[in-house]
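Examining the three-dimensional arrangement
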Amino acid sequence: MKIRRPRLPRTRRGQRRLVQAVMAVCVLALLPAAWLYVSTADRLRTTADAPRADVAVVFGAGLWDGEPSPYLAHRLDAAAKLYRAGRIKVVLVTGDNSRKDYDEPDAMRTYLRKHGVPDARIVSDYAGFDTWDSCVRAKKIFGVDRAVLISQGFHIRRAVALCEAAGVDSYGIGVDAKHDATWYYGGTREVFAAGKAALDAVFHPDPTFLGPQEHGVTRALAGARD
């Protein structure tokens, strides 16, 4: 069975319309990414000038043999640094625990404890299956109204935009990362993830798992003020 190649227009009018159609598709594809850049332009900080906030949210970024991946470790290092500097009081670690043999939040908690953050100041969200889920659960389940978000630079704009859409007043810290294959993959992935982010921000779908309200952040903050 022969596969027919698509025929290109032979007339100038047809060719012009084809070019216009391709350009329109490209513009539509890039609109969500442009929205992320514009909407978060004044919301990005560094660990040196991060605003004071009760809560920092650290998003999961994979485990290697049960330990935080280098990318995740860099996020956790930034959170520990902010805690030691007195700029945050509680760290909400949010990640995937959908399988018994994969537990991002507990691995993140263990790492933070080793780097000077008391266990009582760490709160775990075991159902942060993606960025939107983490943002919605931070607001609806853990009662977070304002937070500093910590992730890599290629992801932080989407995190800030989605948490803002979920009702969390957010500032983002994009930690440094080596420009290796993972970094380039992450940056490319964000172009496509921006489209889903725009849909999430508009339609506000329920997260994969919502569940009852938890008071871990409230208790941790109460302890921090004692």
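See the structure printed just above.
The structure presented is a predicted model; accordingly, all values stated were derived computationally and were not measured. (Residues numbered from 1 in each chain as written. Predicted model: local features only at pLDDT ≥ 70, side-chain atom pairs only at ≥ 80, totals over all residues. Heavy atoms only, no water.)

**Describing the overall build of the protein chain**
What counts, and what does not: Secondary structure is summarised from DSSP: a helix means a run of H or I of at least four residues, a strand means a run of E of at least two, and numbering begins at the N terminus for each. Relative accessibility under 20% of the residue-type maximum defines a buried residue, over 50% an exposed one, and the middle range a partly exposed one, all with a 1.4 Å probe and only protein chains included. By the convention used here, residues are in contact when the closest approach between their heavy atoms is within 4.5 Å. Throughout, the Shrake-Rupley method with a 1.4 Å probe supplies accessible areas, and for residues the shown protein chains are the sole cover considered.
Along its length, the protein chain carries seven helices and eight strands. The buried share among the 226 residues of the protein chain stands at 44%. Long-range pairs, those at least 24 residues apart, make up 73% of the contacts in the protein chain with a sequence separation of at least 6. Total accessible area on the protein chain is roughly 13100 Å²; 56% of this is exposed by carbon and sulfur atoms.

**Notes on the state of the cysteines**
Test applied: In plain terms, two cysteine sulfur atoms within 2.5 Å form what is called a disulfide here.
Taken as a whole and judged by the stated rule, the model has one disulfide. Between the sulfur atoms of Cys 135 and its disulfide mate Cys 163 the distance is 2.2 Å. Where Cys 135 bonds to Cys 163 through sulfur, the torsion about that S-S bond is close to -85°, and the disulfide is left-handed. Taken together, the positions of Cys 135 in helix H4 (residues 131-140) and Cys 163 in helix H5 (residues 153-165) put the pair 28 residues apart, joining distant regions of the chain. Take Cys 135: its relative accessible area is 0%, and that puts it in the buried class. A residue is classified by how much of its surface remains accessible, and Cys 163, at 2% relative accessible area, is buried.

**Concerning the pairing of strand S5 (residues 88-94)**
Heads up, the condition is: DSSP bridges decide pairing: two strands pair if at least two such bridges lie between them. Here, the term right-handed applies to a crossover whose path from the first strand over the helix to the second runs clockwise when the strands point away from the viewer.
Counting buried residues in S5 gives six out of seven residues, a clear majority hidden from the surface. Direction of pairing for S5 relative to strand S6 (residues 122-125): parallel, over a ladder of four bridges. Looking at the pairing, Val 93 lines up with Ser 124 of S6. Once the chain exits S5 it traverses helix H3 (residues 104-114) before rejoining the sheet at S6, and the crossover so formed is right-handed.

**Some remarks on a nonpolar patch on the surface**
Let me state the cut-off plainly: Patches were defined on residues exceeding 30% relative accessible area and lacking a salt bridge, with like-charge contacts within 9 Å and nonpolar side-chain contacts (Val, Leu, Ile, Met, Phe, Trp, Tyr) within 5 Å. In what follows, salt bridge is the name for a side-chain nitrogen of Lys or Arg lying within 4 Å of a carboxyl oxygen of Asp or Glu.
Taken together, Leu 199, Val 202 and Phe 203 make up a surface patch of nonpolar side chains, about 360 Å² in accessible area. Relative to the helices and strands, Val 202 resides in helix H6 (residues 181-203). For Val 202, a relative accessible area of 61% puts it in the exposed group.

**Topic: the environment of Gly 167**
Within the secondary structure, Gly 167 sits in the loop between H5 and strand S8 (169-175). On the accessibility criterion, Gly 167 (36% relative accessible area) is partly exposed. In contact with Gly 167, not counting residues within four places along its chain, are Lys 139 and Asp 145.

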